[in-house]
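Residue-level structure breakdown
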Amino acid sequence: MSNVLVTGGNGFIGANLVDGLAAAGHQVTVMDVYPRTYGSLPPDAAYIQGNLSNTSLVRRTLVDRGIEVVYHVAWATIHETALKNPAADVEGNLVPTIHLLDACSETGIGRVIFLSSGGTVYGLPKSLPVKENHPTEPINAYGISKLAAEKYMAMYRFLYGLDTLIFRPSVPYGPYQNPHRRQGAVSVFIHHALTGKPVTIWGDGSVVRDYFYITDMVRALVAALDLPAGFAGPVNLAGSQAVTLNQLVHWIEEALKVHLQVSYEPARKFDVPELHLDYTLASELLGWQPEVDLLEGIQLTAEWIRGHIR
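Note that the structure is predicted; figures quoted are calculated from it, not measured.

Time to look at the overall build of the chain. Helix and strand content of the chain: ten helices and 13 strands. Counting only C-alpha atoms and orienting by the principal axes, one finds that the chain spans roughly 55 × 45 × 40 Å. For the chain, long-range pairs separated by at least 24 residues make up 76% of all intrachain contacts whose partners lie at least 6 apart in sequence. As displayed, the chain has an accessible area near 13500 Å², and 53% of this comes from carbon and sulfur atoms. If the 22 positive side-chain charges of the chain are averaged to one point and the 29 negative ones to another, these points end up 5 Å apart.

Have a look at this one:
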């Protein structure tokens, strides 16, 4: 059993990760600015309300809670907001990440596991599916700051011996993802399908992604606790099936037996037209592969949305 801190542990990915870690028997502490939106923390989990820029709070939490491993999930922007204000993206994400690395290095944390972005750090693919050794040439501010955080992880590893591990997930979806926000095509489309609202697609619907269900992602992240020290990654996590946005609409219509109205707007330059990741390394290291296919994932997500979202 490990004593774990999850930054951003009340968000979509963080909350699912916290549930998975607790179910596996680990002691979990959450640090987040906001409380959980949906559901409640596992019974033995602790919640520390605060920001990573509060360096004294971070250090005190690491020491007082006896933290051994940190999952760094907290991130204050999405693709659009990062691009609108890149300086705020750096101040809100990269600077706090450096504060966290300082604290972890100074307090002797065993490992820092970082959730980067497989969908943005690679940029425009030169070959598909994208392997971890593909060049990293992000074309938007979100990917640049995620990649910069990776580089700082490597620096702290080299200079100070901090054990870091980087995951690059593709596009997870599922419970706890708020469909009222602009990020998360699967959840947003499902919610609109269930409520009879049209969806907006930027471009002609030919953008390709490999969506994968959140519990599959959590399995990999929890299994990473058993990886021996010294391996830094990065490790791709992805779905087994790449689909266009138009195909995603079709899958949702088939799964839910509804008609989804779609309006098309001009394509956005910061959206990579086609991207799907090679997860062979995750399979070799963790014995991992995605298990929930897209049809089942859509049905499970719709079931959760029906019970929790209005």
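Picking up where we left off.
Here we have seven strands laid out as an open sheet, ordered S3-S2-S1-S4-S5-S6-S11, and parallel in their pairing. Looking at which strands have only one partner, the edges of the open sheet turn out to be strand S3 (46–49) and strand S11 (235–237). When strand polarity is set aside, the average angle formed by the axes of neighbouring strands in this sheet is 20°. Direction of pairing for strand S6 (residues 164–169) relative to S11: parallel, over a ladder of three bridges.

Take the nonpolar core next. As a rule of thumb, nonpolar side chains are buried together in soluble globular proteins. Within the largest apolar cluster, 70 residues are counted, with the highest numbers of intra-cluster contacts made by Val-6, Leu-21, Tyr-71, Phe-167, Phe-189, Leu-237 and Leu-248. Beyond its immediate stretch of four places on either side in the chain, Leu-21 contacts Val-4, Val-6, His-26, Val-28, Tyr-71, Val-222 and Leu-225. Membership of the second largest hydrophobic core comes to 25 residues, among which are Leu-52, Val-58, Ile-67 and Leu-101.

The subject of this paragraph is the side chain of Thr-7. Within the secondary structure, Thr-7 sits in strand S1 (residues 3–7). At 2.9 Å, the side chain of Thr-7 and the backbone nitrogen of Val-73 are in polar contact. Among residues more than four places away in sequence, those in contact with Thr-7 are Met-31, Leu-52, Val-70, Tyr-71, His-72, Val-73, Ala-74 and Leu-100.

Turning our eyes to something else, we now look at a nonpolar patch on the surface. On the surface, a cluster of nonpolar side chains totalling about 560 Å² of accessible area is made up of Tyr-152, Met-155, Phe-158, Leu-159 and Tyr-160. Tracing the sequence through the fold places Leu-159 in helix H5 (residues 141–160).

This next bit is on the packing of aromatic side chains. Summed over all chains, the structure comprises seven aromatic pairs. For the ring pair Tyr-173 and Tyr-213, a centre distance of 5.6 Å and an interplane angle of 70° mean the geometry is edge-to-face. Taken together, the residues span a long stretch of sequence, with Tyr-173 in strand S7 (residues 171–173) and Tyr-213 in strand S10 (residues 211–213) at a distance of 40 residues. With respect to burial, Tyr-173 and Tyr-213 carry one shared label: buried. Ring plane angle 80° and centroid distance 6.4 Å describe the contact between Phe-212 and Trp-288, whose orientation is recorded as edge-to-face. Taken as a pair, Phe-212 in strand S10 and Trp-288 in the loop between helix H9 (280–286) and helix H10 (294–308) lie far apart in primary sequence, 76 residues in all.

By the definition in use, this model includes ten salt bridges. Across the pair Arg-111 and Asp-163 runs a salt bridge whose closest N-O atoms are separated by 3.2 Å. Of the two residues, Arg-111 is situated in strand S5 (residues 111–115) and Asp-163 in the loop between H5 and S6; the sequence distance between them amounts to 52 residues. On the accessibility criterion, Arg-111 (6% relative accessible area) is buried. Looking at Asp-163, the relative accessible area reads 10%, which means it is buried.

In this section: helix H4 (residues 86–107). Residue pairs spaced three or four apart in an α-helix point in one direction, given the helix's 3.6 residues per turn. The end-to-end C-alpha separation of H4 is 31 Å, in line with the 32 Å expected for 22 residues at 1.5 Å each. Among all positions of H4, only Asp-89, Asn-93, Leu-94, Pro-96, Thr-97, Leu-100, Leu-101, Ala-103 and Cys-104 are buried.

Reading guide: rules and limits
Residues numbered from 1 in each chain as written. Predicted model: local features only at pLDDT ≥ 70, side-chain atom pairs only at ≥ 80, totals over all residues. Heavy atoms only, no water. Helix = DSSP H or I, 4+ residues; strand = E, 2+ residues; numbered from the N terminus. Contact = heavy atoms within 4.5 Å. Areas by Shrake-Rupley, 256 points an atom, 1.4 Å probe, with all protein chains shown as cover. Lys, Arg positive; Asp, Glu negative; His and termini not counted. Charge placed at Lys NZ, Arg CZ, Asp CG, Glu CD. Pairing = 2+ DSSP bridges. Axes fitted to C-alpha atoms, helices over the stretch in contact; angles between N-to-C directions. Core = buried A, V, L, I, M, F, W, Y, C linked by side-chain atoms within 4.5 Å. Buried < 20%, exposed > 50% of the residue type's maximum accessible area, 1.4 Å probe, protein only. Polar contact = N/O pair within 3.5 Å; in protein donor to acceptor, adjacent residues only side chain to side chain. Patch = residues over 30% accessible without salt bridge, like charges linked within 9 Å, V, L, I, M, F, W, Y side chains within 5 Å. Salt bridge = Lys/Arg side-chain N within 4 Å of Asp/Glu carboxyl O. Phe/Tyr/Trp six-rings, centres within 6.5 Å; stacked < 30°, edge-to-face > 60°. Expected span 1.5 Å × (residues − 1).

Honestly, that's just the spatial picture; any functional story needs more than this.
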